[in-house]
Amino acid sequence: MAGKNKVTRLVQVVAGFGAAAAGGWVISRYMFKDKTKHAPGHADQLETPKKWDYNWDKREPKSMVRPPKSEKDQKEYENNLEKAKPTASRHLLFIRHGQYNLKGEKDEDRILTDLGRKQAALVGQRLKELDLPYSLLVYSTMARATETGKIVQKFLPPDIPVNTCSFIREGAPIQPEPPVGHWRPEQSFFEDGARIEAAFRKYFHRAKPSQEKDSYEVYVCHANVIRYFVCRALQFPPEAWLRLTLHNCSITWLTIRPSGRVSLKGLGDSGHLPPDCLTTN
């Protein structure tokens, strides 16, 4: 009987230790791991990375070619798919306009200051020094961008095609996050957002299969437009556009590869401007 009681007591002690161990494990999980999970910057806090959308421009070759209906159509499908694949890259160089007269009541009065004209000449000289095979110059129809574009044009090849575009006029593309309390142009977001998004869809896409060589296109426009384009092209949240800052006559360089990948080669590059020419308006 005494032996049986000893065995029972031993079982109870072991069970007690087991419960204590289990309880300690639960407490330690609560005190340490769970708190670590919510610690700022901890890996567990990060969301699952969003995968790159290769058909963001709706020009991914497989989306352009009708799939085969049967096995006998497979070879023709593969040939057509190969023909639909681009081989060249598109380089888009965006230049923010120069400093302009903020006191102008109308757009035609908001022309470049003397400093703004100097900035435009400096960025034009920079493009000339890069000596790239520029294939197109496009500038916004707003006065400050048009004047900047015409100054830049003097430094580019004389036969370069030149277009103007009202789609890339300045505006409020989308409600920024975090919001800015003193700047709430809700109506502008509604009106400008669709226009600026249309501009993105017009100019951002991979090269056509018929394009044999890489192209280099220059766009002279505005800070809000360029910042929105950068976020959209890199598949970042577009609401983040206001977190970026661009100097006047800085260069932002985006490259669209044949695969649909997009890379940012330079954001607001202003190394061609001396310190006394660095402005943001």
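What you are looking at is a predicted structure, and each value in this text was computed from that prediction instead of being measured.

S.K.: Please explain the overall build of the protein chain as it appears in this structure.
M.R.: Within the protein chain, the secondary structure is distributed over 7 helices and 6 strands. The order of helices and strands in the protein chain, counted from the N terminus, is α-α-α-β-α-β-α-β-α-β-α-β-β. Residues classed as buried in the protein chain amount to 40% of the 281 residues present. Taking all contacts inside the protein chain whose residues are at least 6 apart in sequence as the whole, residues at least 24 apart take part in 73%.

S.K.: Would you mind going over the confidence of the model for the protein chain with me for this structure?
M.R.: A low pLDDT means the predicted coordinates there should not be read in detail. Scored by pLDDT, the protein chain has a mean of 86; 81% of the residues are at 70 or more. Here residues 6-39 is modelled with pLDDT under 50, and outside its nearest four sequence neighbours on either side it reaches 8 contacts, counting other chains as well.

S.K.: Help me out: how do you make sense of the packing of aromatic side chains in this one?
M.R.: Geometrically, a pair of aromatic rings is defined through the distance of the ring centres and the angle of the planes. Under the criterion given, the structure shown has 9 aromatic pairs. Following the ring pairs from residue to residue traces out a cluster consisting of Trp56, Phe94, Phe200, Tyr203, Phe204, Tyr219 and Phe229. The ring of Trp253 carries the charged tip of Lys265 above its face, separated from the ring centre by 4.6 Å.

S.K.: Can you help me understand the pairing of strand E1 (residues 90-96) in this one?
M.R.: Successive side chains on a regular strand alternate, one facing one side of the sheet and the next facing the other. Of all 7 residues that make up E1, 7 are buried, and the element is covered over most of its length. On E1, burial covers both faces: Arg90, Leu92, Phe94 and Arg96 on one face and His91, Leu93 and Ile95 on the other are all buried. Where E1 meets strand E4 (residues 215-221), 7 bridges bridge the pair, whose relative direction is parallel. Each bridged residue has a counterpart across the sheet, and for Ile95 the counterpart in E4 is Val220.

S.K.: It is not clear to me how the side chain of Arg96 should be interpreted in this structure. Could you clarify?
M.R.: Structurally, the position occupied by Arg96 is in strand E1. Despite being buried, Arg96 has no salt bridge partner; Glu170 is the closest side chain of opposite charge, sitting 5.8 Å away. Within the local environment of Arg96, its side chain forms a polar contact with the backbone oxygen of Leu246, the two atoms lying 2.9 Å apart.

S.K.: It is not clear to me how the pairing of strand E3 (residues 162-165) should be interpreted in this structure. Could you clarify?
M.R.: Sheet topology note: the strand E2 (residues 134-140)/E3 ladder contains 4 bridges and is parallel. By the bridge assignment for E3, Leu137 is matched with Val162. Each parallel crossover has a hand, and the one from E2 via helix H5 (residues 143-153) to E3 is right-handed.

S.K.: When you look at the side chain of Gln99 in this model, what are you seeing that I'm missing?
M.R.: As for its position among the elements, Gln99 is in the loop between E1 and helix H4 (114-130). Of the polar contacts made by the side chain of Gln99, one reaches the side chain of Thr113; its length is 2.7 Å. The residues touching Gln99, leaving out its near neighbours within four places in the chain, are Leu112, Thr113, Leu115, Gly116, Gln119, Asn248, Thr279 and Asn281.

S.K.: What exactly am I supposed to notice about the pattern of salt bridges here?
M.R.: Per the counting criterion, the structure on display carries 8 salt bridges. Asp114 serves as the salt-bridge partner of Arg117, at 3.0 Å between the closest nitrogen and oxygen. With Arg117 and Asp114 both in helix H4, this residue pair falls 3 residues apart, about one helical turn. The exposure class assigned to Arg117 is partly exposed, which follows from its relative accessible area of 30%. Because the salt bridges share partners, they merge into one network encompassing Asp114, Arg117 and Glu147.

S.K.: Looking at this model, I keep getting lost on H5. Mind explaining?
M.R.: Taken across its 11 residues, H5 has 9 buried, putting it largely inside the fold. Taken as a whole, H5 has its buried residues at Ala143, Arg144, Ala145, Thr146, Glu147, Thr148, Gly149, Ile151 and Val152. Packed against the buried residues of H5 are H4, E2 and E4.

S.K.: How should the sheet that holds strand E5 (residues 251-256) be read in this particular structure?
M.R.: Note on sheets: strands pair through backbone hydrogen bonds, and any given pair is parallel or antiparallel. The strand order across the open sheet built from 6 strands is E3-E2-E4-E1-E5-E6, with neighbouring strands paired in mixed fashion. On the outer flanks of this sheet lie E3 and strand E6 (262-269), each paired with one strand and no other. Here the average twist between neighbouring strands, direction ignored, is 20°. Along the sheet, H5 contacts E2, E3 and E4; its crossing angle with E2, the most-contacted strand, is approximately 155°. Most of the contacts of helix H7 (residues 223-233) go to E1, to which it runs at about 150°, and overall it touches E1, E4, E5 and E6.

S.K.: Got a minute to help me understand H4 in this structure?
M.R.: In an α-helix, one turn spans 3.6 residues, which is why side chains three or four residues apart end up on the same side. Over its 17 residues, H4 extends 25 Å from the first C-alpha to the last, a length consistent with the 24 Å expected when each residue adds 1.5 Å. Within H4 the residues assigned to the buried category are Gly116, Gln119, Ala120, Val123, Gly124 and Leu127. Down the axis of H4, the buried set is contained in an arc of 135°. They therefore lie on one face. Structural note: H4 exposes Asp114 and Glu129 on the side pointing more than 90 degrees away from its buried face. In this structure, the buried side of H4 is in contact with E1, E2, H5, E4 and E5. Two residues or fewer after H4 comes Asp131, characterised by a positive phi angle close to 55°.

The rules behind these values
Residue numbers run consecutively from 1 along every chain, following the written order of its sequence. Only residues with pLDDT of at least 70 are given local features in this predicted model, and only at 80 or more are side-chain atom pairs given and counted; all residues enter the totals for whole chains, interfaces and linings. Think of the side-chain values as coming from all heavy atoms in the structure, minus any hydrogens and water. Every helix listed is a DSSP run of H or I at least four residues long, and every strand listed is a run of E at least two residues long, numbered separately from the N terminus. Each residue is placed in one exposure class: buried if its accessible area under a 1.4 Å probe, protein chains only, is under 20% of its type's maximum, exposed if it is over 50%, and partly exposed if it falls in between. A contact between two residues is defined here by any heavy atoms of the two lying within 4.5 Å. For every residue, the predictor assigns a confidence score, pLDDT, that lies between 0 and 100. A pair of aromatic rings is counted whenever rings of Phe, Tyr or Trp (Trp by its six-membered ring) have centres within 6.5 Å, and the orientation is called stacked for planes under 30 degrees apart, edge-to-face for over 60 and tilted otherwise. Note on criteria: charge over ring means Lys NZ or Arg CZ within 6 Å of the ring centre, with the direction from the centre no more than 35 degrees off the ring normal. When DSSP finds two or more bridges between a pair of strands, those strands are recorded as paired. Counting rule applied: Lys, Arg positive; Asp, Glu negative; His and chain ends not counted. Note on definitions: salt bridges are taken to be side-chain nitrogens of Lys or Arg within 4 Å of carboxyl oxygens of Asp or Glu. We call two N or O atoms a polar contact when they sit within 3.5 Å, provided that within protein one can donate a hydrogen and the other can accept it, with sequence-adjacent residues counted only if both atoms are side-chain atoms. Call a crossover right-handed when, viewed with both strands pointing away from you, the route from the first strand across the helix to the second goes clockwise. In this description, a line fitted to the C-alpha atoms serves as the axis of each element, helices being fitted only across the stretch in contact, and the angle between N-to-C directions of two axes falls anywhere from 0 to 180 degrees. Expected helix span is taken as 1.5 Å per residue step, with the number of steps being one fewer than the number of residues. Directions pointing from the helix axis toward each C-beta atom define the arc.

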